[in-house]
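These are the residues of each chain, in order.
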Amino acid sequence: MSQQPKSKQKRAVALISGGLDSLLAAKLMLDQGIHVEGINFYTGFCVEGHTHAIRKKDKAKPKRNNALWSAEQLGIKLHIIDIIDEYKDVLINPKHGYGANMNPCLDCKIFMVSKAKQWMEENGFDFIITGEVMGQRPMSQRKDLLPVVVRESGADDRLLRPLCAKNLAATLPEREGWVNREDLKDFSGRNRKPQMALAAEYKFEDYATPAGGCCFLTDENYSKKLVDLWQARNKKDYELDDIMLLKVGRHLRPQPHYKLIVSREDGENKFLKGYKKQFSTIEIKSHNGPLTLVDGKLSDEEFRFASRIAARFSQGRDAESVTIKVTRQNGEELSFDISPMPVSEIKQEWYI
Amino acid sequence: MSHYTLDARNSLCPMPVIKTQNKIAELLVGDTVEVTCTDPGALNDIPAWCRINGHSIKESYENGDEVVIVIQVEN
C-alpha cells in the first residue's frame, strides 16, 4: 500500500451501492493511500433485505444494509442521502428513456454522479469513484455511454472508474499522479470472474450477489404496479408511501377506480396496519385473514364485493359466510357477513 | 449534554438510518438520542452506521413490535 503524506492526501468520494464492484473500486483507492468516504443514495426503489424481511418467509435471510456492510469492510465513513423527491424527475422524465422495465438506468447514473459531484465540492473532496465496469450493463455501462455520464453529470475528468480505468482515457487523478494508473484495472464485459478473483484476493466474503439487482425498477412485476398506479391516477407522480406499498401484498384492481392491497402473511399485516389511517380497510373478523387496504372510493355495495375478494384469501375461504369489518378512511365502520368469492370468479386480469 | 428522542416508526430501512444520521448531525458531542423504529432491520443497521461513524450505542432492545436504540454522539 502506498501512503500519501496526510497534508497532501487526496480525498475521493465513492458511490457505494452495496454491491461487489463499488466495494472493490473503493478498496483499490484505499490501497493507493487515498482518503475515501462513501456515499449511498436512497431513491425509495432500492432493494433492501428489510423490505423482503417484512415477509415471514424471508426472515431467515440476513437483515443488513449492504452499503453499510461494504463501508464497514472498508473501514470508511458512509453518508446515506435521501434523494427521494429529487429522483422523481429522473424517473418520470428520463431524457435517455427506460430500460426493459421502468428503469431509467442511464439518467439515474448521471443524476447520482452529479449529486456526488455536488457533495464532493461541498465537502472539499478531490474526485469521484464508481464501481462501473465497461460493458457490464446494457444501459448505463455501455462503452459508448460511459462518456455520456462523464459529460452530462458535469464530473468530467474528476470521475474515475478504478475497475476499468485502463480501458478509458486517463482522468485528472491519474494525470496528476494522485493515483497510479498502472495499479488500476482493465475489466470489461459481463464476465464477473475478474471481480470475484479480486474479491478473493482481498478476502472479501459474503458480499452481495451480483444477480440480486439493487433497484425495484428493474423488476417487471414492480414496474407493472407502478405503471398501473400512474394510469389509475391519470398522472405520473408518487409519494414514498405509494412506492413502498407497491412492494407489499397482492395488488388487485377489480374496477378502474379502486385497488385492493391484500396482505399475504402476518409480517405484511403488521406493515399494512401502519397505513390504516390513510386508507379504508377490510378486516376478516370471524376467521384469521389478511388486512386489506382499499385505494379508492367505494360504495357500500362495492365494499361488499371487495370484501368477498379479501375473504377468499382468509382461512374462511371455504366457509359459507365470514364476518367482515370495513373501516372507511373517515373512521366510519361497517360490519356484515358475506360469502367468500370462489376462486373461479377472481379474474386473472385483476391481478397487477 | 441533552437527551433527544427520534420517531422513526413506520419507515423502512434505510430511512431510520437516514433520520438518525440527520438528527445526529444537529447534536453536540455527549448528547444522546433515543430512536424508536418498527423495522427490525434497524437493530442491525443503526448500530452499523454508528460503528462506521464513531458513535456509541448505549442501549438497544425490542419492545413488542418496536425497536429502541439509544445512541451517544461521540464526534
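What you see is a predicted model; the values in this text were computed from it and never measured.

## Details of the overall build of chain B
Within chain B one finds two helices and four strands. The order of helices and strands in chain B, counted from the N terminus, is β-α-β-α-β-β. Computed over C-alpha atoms, the radius of gyration of chain B comes to 11 Å, within 12% of the 11 Å expected from 2.2 N^0.38 for 75 residues, which places it in the range of a compact globule. Counting only C-alpha atoms and orienting by the principal axes, one finds that chain B spans roughly 30 × 20 × 15 Å.

## Quick look at the sheet that holds strand S4 (residues 66–72) of chain B
All names here are of chain B. Strand order in the open sheet formed by four strands is S1-S2-S4-S3, with mixed pairing between adjacent strands. Each edge of the open sheet is held by one strand with a lone partner, namely strand S1 (3–8) and strand S3 (56–63). In this sheet, adjacent strand axes meet at a mean angle of 15° when their direction is disregarded. In the sheet, S3 pairs with S4 via seven bridges, with the strands oriented antiparallel.

## A look at the nonpolar core
Residue and element names in this part refer to chain A. One finds Ala12, Ala14, Ala26, Met29, Ile128, Ile129 and Ala310 to be the most contacted residues of the largest nonpolar core, which totals 111 residues. Sort the elements by how many residues they give to this core and helix H5 (residues 105–122) lands first, with nine residues. When residues of this core are assigned to domains, at least three map to each of domain 1 (6–217) and domain 2 (248–350). The contact partners of alanine 26, leaving out residues within four places of it in the chain, are Ala14, Ile16, Val36, Gly38, Leu74, Ile76 and Ile129.

## Quick look at the interface of chain A and chain B
Listed per partner, the contact involves 19 residues of chain A and 19 residues of chain B. Only helix H2 (49–53), helix H3 (66–74) and strand S3 (78–82) of chain A provide two or more residues apiece to the side of chain A that touches chain B. A total of four residues in the side of chain A that touches chain B trace back to one element, the largest contributor, which is H2(A). Across the side of chain A that touches chain B, the residue classes break down as seven nonpolar, five polar and seven charged.

## Quick look at the pairing of strand S8 (residues 280–284) of chain A
Residue and element names in this part refer to chain A. Burial runs high along S8: five of the five residues are buried. Neither face of S8 is open: one carries Ser280, Ile282 and Ile284, the other Thr281 and Glu283, and all of them are buried. Of the strand pairs in this sheet, S8 and strand S9 (residues 292–296) are connected by three bridges, and their pairing is antiparallel. When the sheet's bridge partners are listed, threonine 281 is paired in S9 with leucine 293. Relative to strand S10 (residues 322–327), S8 runs antiparallel, the two being bridged by four bridges. Across the sheet, residue isoleucine 284 finds its bridge partner in S10, namely isoleucine 324.

## A word on the sheet that holds strand S2 (residues 35–42) of chain A
Residue and element names in this part refer to chain A. Strand order in the open sheet made by the five strands is S3-S2-S1-S4-S5, with parallel pairing throughout. Unpaired on one side and paired on the other, S3 and strand S5 (159–160) mark the two borders of the sheet. Sheet strands touched by helix H1 (residues 20–31): strand S1 (11–15), S2 and strand S4 (127–129). Its angle to S1, the strand with the most contacts, is close to 170°. Across the face of the sheet, H5 comes into contact with S1, S2, S4 and S5 while running at roughly 150° to S1.

## Considerations on the domain arrangement of chain A
By the assigned domains, chain A splits into domain 1 (6–217) and domain 2 (248–350). Between domain 1 of chain A and domain 2 of chain A, the C-alpha centre-to-centre distance is 42 Å.

## Points about the environment of Leu298(A)
Residues and elements named next belong to chain A. Along the chain, leucine 298 turns up in the loop between S9 and helix H12 (300–312). Residues leucine 298 and histidine 257, spaced 41 residues apart in sequence, show a C-alpha to C-alpha distance of 8.4 Å. With near-sequence residues (within four places) excluded, leucine 298 lies in contact with Tyr258, Ser280, Phe303 and Ala306.

## Thoughts on the environment of Asp337(A)
Topologically, Asp337(A) is positioned in strand S11 (residues 333–338). Sequence separation of Asp337(A) and Arg304(A) is 33 residues, and the distance between their C-alpha atoms is 8.8 Å.

## With respect to the environment of Glu72(A)
One can find Glu72(A) in helix H3. Judged by local crowding, Glu72(A) falls into the partly exposed class, with 16 C-beta atoms found within 10 Å. The sequence separation of Glu72(A) and Ile261(A) amounts to 189 residues, and the corresponding C-alpha distance is 37 Å. In contact with Glu72(A), other than residues within four places in its own chain, are Ala48(B), Arg51(B) and Ile52(B).

## Considering the packing of helix H1 (residues 15–24) of chain B against helix H2 (residues 42–53) of chain B
Residue and element names in this part refer to chain B. For the pair H1 and H2, the least separation of the axes is 9 Å and the interaxial angle reads 35°. Read as a crossing pair, H1 and H2 show a hand that is right-handed. Across from Pro16, Val17, Thr20 and Gln21 in H1, the residues of H2 making contact are Ala42, Asp45, Ile46 and Trp49. Looking at side-chain class alone, the contact of H1 with H2 contains five nonpolar, two polar and one charged residues.

## Quick look at unusual backbone geometry
Between Cys13(B) and Pro14(B) the backbone carries a cis peptide bond, its omega angle lying at 15°. Position of Pro14(B) relative to the elements: it lies in the loop between S1 and H1. Phi is positive for Asp156(A), which is not a glycine, with a value near 50°. Along the chain, Asp156(A) falls in the loop between helix H6 (146–153) and S5. Residue classification places Asp156(A) among the exposed residues on the basis of 11 C-beta atoms within 10 Å. At Lys203(A), a position not held by glycine, the phi torsion is positive, near 60°. Inspection of the secondary structure assignment puts Lys203(A) in the loop between helix H8 (193–201) and helix H9 (220–233). Classification of Lys203(A) by C-beta neighbours within 10 Å gives exposed; the count is 7.

About the criteria used
Residues numbered from 1 in each chain as written. Chains lettered and ligands numbered in written order. Predicted model: local features only at pLDDT ≥ 70, side-chain atom pairs only at ≥ 80, totals over all residues. Helix = DSSP H or I, 4+ residues; strand = E, 2+ residues; numbered from the N terminus. Rg over C-alpha atoms; globule rule 2.2 N^0.38 Å. Pairing = 2+ DSSP bridges. Axes fitted to C-alpha atoms, helices over the stretch in contact; angles between N-to-C directions. Core = buried A, V, L, I, M, F, W, Y, C linked by C-beta atoms within 7 Å. Buried ≥ 20, exposed ≤ 12 C-beta atoms within 10 Å, placed from the backbone. Domains from an automatic or database assignment. Contact = placed C-beta atoms within 7 Å. Nonpolar A, V, L, I, M, F, W, Y, C, P; charged D, E, K, R; others polar. Left-handed = near helix turned anticlockwise from the far one by under 90°.

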